[in-house]
Every structure is written in structure tokens, then in C-alpha cells.
Amino acid sequence: MPMNAQSLSWVEVDAAALEQNVAAIRSNLAPGCEMAPVVKANAYGHGYLQIARLLDGKQFRYIGVHNLEEALILREGRISNDILILGYVPLEDLKTAVEAGFDFVVYNIETLRKLTEVANNKTPAKCHLKLETGANRQGVTREQLPDFLALFSGKPQLQLVGVSTHFANIEDTTDHSYAEFQFTRYAKMKQMIEASRLPVKYYHMASSAAALLFPHTHFNLARVGIALYGLWPSKETYLSYRLSGKQNQILRPVLSWKTVVGQIKDVRKGQYIGYGTTYRATADLKIAVIPIGYYDGYDRQLSNSGHVLINGMRAPIRGRICMDIFMVDVTDIPDVHLESEVVLIGRSGDEVIRAEDVAGWANTINYEVVSRIGSHLERRVINQRS
Ligand SMILES: Cc1ncc(COP(=O)(O)O)c(C=O)c1O
């Protein structure tokens with residue numbers, strides 16, 4: 001982008017909302033449980049460094065990311081927290097990860113063998129052993145556990161800093177029996193690890209849903225993503241939370257997504273709008289052209305469904321979402337002009353579009369809606385205390 005180009009579309013990141021969410025989540029955590037904010041996937045679309053810098057100084061030991069690339073973005077951005085890599089680190093990158101001082105999740109024998117070679121007593125590998133408790137994604141089974149523990153013992157270059165697992169069915173349901181089943185499996189494997197006398201500092205299994213719902217799963221670390229950004233993991237999590245008698249409205253969405261009108265035009269009754277002629281005007285219309293498309297993360301499934309907000313009113317989407325443009329009907333919205341502000345997610349006057357609304361229109365979940373907002377778009381921090 002040329003140095004002086006105006007942003008056509010931008011994401012606003014509300015620092016005050018983030019702060020409120022951090023306080024609300026912390027107040028839900030069991031005593032002694034630290035929170036590790038998860039900033040993978042461009043901080044769920046909010047901007048790696050914008051979020052990590054806002055979290056700086058709020059006394060988090062760890063920030064969680066998915067991979068080494070993300071860890072290096074934070075390190076190059078001079079983020080001082082310890083960084084916990086939650087996803088796979090390729091064998092040939094292990095030396096870099098160890099030398100950079102990152103903590104990372106391990107669950108392969110190959111990884112541990114390689115670490116035995118590349119780490120040393122001065123720069124040990126800081127490992128979090130991931131246990132398989134029911135997600136069948138990453139993790140060491142109960143049967144494999146003794147072999148893994150044997151690999152750690154007597155090797156000061158391999159530090160077993162943490163032991164983790166991840167819930168498979170906690171967001172999508174109000175029936176938490178599978179989560180309890182995983183908890184029980186984890187607790188049994190935890191006992192085996194404790195019996196090995198390896199000095200484990202952190203036990204962690206909770207992400208947002210468990211952090212909000214189940215204090216007995218907190219141990220001493222919770223890896224919190226979506227709730228930090230003011231979004232509930234699901235309707236079911238919200239319902240379970242409310243049914244437990246807890247207070248409403250503890251989370252505030254951090255992100256708004258905005259753009260401006262790029263053109264206004266008249267469309268006559270009977271004329272078509274956009275590719276595929278999927279929308280035909282049933283009356284004379286005034287159309288606003290919005291300079292955003294599926295390249296920017298605005299899902300093509302929003303074609304002819306959903307709306308944006310202009311001047312506090314709903315402007316329905318007409319025709320297909322194109323690569324970088326779509327059209328909305330502004331016939332009944334007064335005072336719309338070239339470069340009027342358009343809200344894709346967020347508030348305009350009394351109207352609000354939530355990430356969950358967009359997710360519903362696009363047949364997906366709020367996680368996907370926010371994390372897919374193009375990383376090329378500007379992130380603007382607002383409401384920051386100086
Ligand atoms: C291993 C792990 N921990 C924590 C999280 C954070 O989850 P949530 O955003 O639901 O808090 C994720 C997200 O997918 C994850 O994969």
C-alpha cells in the first residue's frame with residue numbers, strides 16, 4: 001500500500017472493552033489460576049501486536065499462539081511475556097524455538113528425541129506435554145504416557161514445565177458429560193505424572209468456555225481466547241453460564257469493522273444487481289457500493305442475505321459478494337453520501353451487528369468471522385487510556 005493511502009476499511013479495537021473482559025474473566029477463575037491470553041490467528045482478527053501491546057503490563061506470564069511464526073511476530077514486536085506455542089513446531093524449527101526461549105506443547109516422540117539433541121542445560125526446552133483425553137487431535141494417550149515421562153527423567157535439557165489437554169465438546173452443548181469425562185481422564189493422567197516426581201509447574205486444560213463455567217478445571221493456568229475479545233464461545237456456553245445463576249453482560253465485544261460508501265447509484269425497477277444476476281430490483285432503488293469483499297474476509301455466503309449499518313439503519317445486501325465489492329440497498333436511508341461510514345460489525349446509532357449475526361448469516365461461528373477478517377486491513381486501537 002502506498003505510504004499515504006487512506007484505509008478503505010478498518011477494524012477498531014476497543015482497549016476499554018478488552019480491559020473489562022480481562023477483569024471479568026479473571027474474576028471467574030479459581031484462586032491461584034493464571035490466565036494465558038491466546039492471540040493466535042492475528043489475535044482472532046484483532047491484530048497480534050495491537051492486542052499483545054494492550055495486554056502488556058497486565059501481569060500475564062504467558063501469551064498463547066499457534067505456531068513459531070506467530071511467536072516470532074510477538075518477539076519481533078518486543079512483547080515481553082513468555083510465549084506458549086500451542087500447535088505443532090516442525091522438527092527442523094525446534095532449535096530456533098528453544099534458542100528463542102519459547103515454551104511449546106509436545107506430543108510426539110520424534111519431537112522429544114530431537115529436543116534431546118538441540119537443547120542443553122543452559123538453554124533447555126520448555127515443554128508442555130499435551131495429553132489425549134478425548135479430542136483425538138493432538139496428545140499423548142494414557143498408554144503412551146510412561147514412555148514419554150521416561151524420556152524426560154534424568155534429562156535437565158528437557159523441562160516438563162506444563163501438562164495440558166483441550167476440551168472437545170464444551171462449546172456446542174449444554175450437556176457437559178463429555179467434558180467431565182475428559183476431566184476425569186486428565187485427572188488420572190495427572191496423578192501418574194505427579195507420581196513420576198517430575199517438577200511440573202503448570203496444569204492447564206481450560207479455554208474460554210471452561211474458564212467461564214467450570215472452576216474445577218482451572219488448575220493453575222487457563223488459555224483464554226474468544227472471551228478475551230468479548231465474544232461468547234457459543235449460545236450454549238452463554239446459556240450454561242446464565243443457568244448457573246451468574247450475572248449477565250460480563251463480556252463486551254472488542255472489535256468493530258467499518259468501511260465507507262464507495263459509490264451511490266440508481267437502479268431501475270426490473271434491473272439486476274451484481275454477478276450472476278441473482279437480485280432483480282422490484283422497485284426503483286438507490287444502491288450503495290461497499291468497497292469490501294470476500295478477499296477481505298467478508299464471506300460470499302452473505303450474498304443476498306444480511307445487512308450493514310449506515311446512519312444507524314439497516315441496509316440489506318443485494319446481489320453477490322464480489323472479491324472486493326458488494327452492494328446494499330439504501331433507498332430508505334436518509335442522507336447517505338459518498339464516503340458515509342458503513343458498519344459491517346459493531347454499532348451505528350441504536351443498531352448493532354454482532355459477529356454472531358454475521359456468523360448466522362454465513363452459516364458459521366463467531367470465531368471464524370473475526371479470525372478471517374483480512375490481516376491486510378488496518379487495526380485502529382480506540383478508547384486507550386493514556
Ligand atoms: C489448544 C487451545 N487452547 C486454547 C484455545 C482458546 O480457545 P477459546 O478461544 O475457546 O478460548 C484454543 C483455541 O482454539 C486452542 O486450540
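The structure presented is a predicted model; accordingly, all values stated were derived computationally and were not measured. (Residues numbered from 1 in each chain as written. Predicted model: local features only at pLDDT ≥ 70, side-chain atom pairs only at ≥ 80, totals over all residues. Heavy atoms only, no water.)

Caption draft 1: The packing of aromatic side chains, seen in detail. Taken as a whole and judged by the stated rule, the model has eleven aromatic pairs. Members of the aromatic cluster, each reached through a chain of ring pairs, are Phe183, Tyr186, Tyr203 and Phe219. A cation sits over an aromatic face here: Lys190 above Tyr203, 4.7 Å from the ring centre. Across from the ring centre of Trp10, 4.4 Å away, lies the NZ or CZ of Arg380, which sits over that ring. (Phe/Tyr/Trp six-rings, centres within 6.5 Å; stacked < 30°, edge-to-face > 60°. Lys NZ or Arg CZ within 6 Å of the ring centre and 35° of its normal.)

Caption draft 2: Expanded view of the site of the ligand. With respect to spatial proximity, 13 residues lie near the ligand, and among them Tyr44, Ser208, Gly225, Ile226 and Tyr367 are the closest. At a separation of 2.5 Å, an oxygen atom of the ligand approaches a polar side-chain atom of Ser208. With respect to the ligand, the side chain of Arg223 contributes an N or O atom lying 2.8 Å from a nitrogen atom. When isolated, the ligand has an accessible area of 390 Å², and the protein chains bury 92% of it. Among the elements of the structure, α2 (40–44) and β9 (221–224) are those that each provide at least two residues to the shell around the ligand. Partitioned by chemical class, the residues of the shell around the ligand number four nonpolar, four polar and five charged. (Near = heavy atom within 4 Å. Polar contact = N/O pair within 3.5 Å; in protein donor to acceptor, adjacent residues only side chain to side chain. Areas by Shrake-Rupley, 256 points an atom, 1.4 Å probe, with all protein chains shown as cover. Helix = DSSP H or I, 4+ residues; strand = E, 2+ residues; numbered from the N terminus. Nonpolar A, V, L, I, M, F, W, Y, C, P; charged D, E, K, R; others polar.)

Caption draft 3: How the structure looks around a nonpolar patch on the surface. Taken together, the side chains of Tyr294, Tyr295 and Met323 make up a nonpolar region of the molecular surface, amounting to roughly 340 Å² of accessible area. Tracing the chain through its elements places Tyr294 in the loop between β14 (285–290) and β15 (307–310). Judged by relative accessible area, Tyr294 falls into the partly exposed class, the value being 37%. (Patch = residues over 30% accessible without salt bridge, like charges linked within 9 Å, V, L, I, M, F, W, Y side chains within 5 Å. Salt bridge = Lys/Arg side-chain N within 4 Å of Asp/Glu carboxyl O. Buried < 20%, exposed > 50% of the residue type's maximum accessible area, 1.4 Å probe, protein only.)

Caption draft 4: Examining the pairing of strand β6 (residues 125–130) more closely. Burial within β6 is extensive, with six of its six residues counted as buried. Judged by which residues are buried, β6 turns out to be covered on both faces: Ala125, Cys127 and Leu129 on one side and Lys126, His128 and Lys130 on the other are all buried. In this sheet, β6 lies alongside strand β5 (residues 103–106) in parallel orientation, the contact comprising four bridges. Of the residues in β6, the one forming a bridge with Asp103 is Lys126. Here β6 runs beside strand β7 (residues 158–164); their pairing, made up of six bridges, is parallel. Across the sheet, the residue bridging to Lys126 is Gln159, located in β7. (Pairing = 2+ DSSP bridges.)

Coordinates in, geometry out; function isn't part of it.
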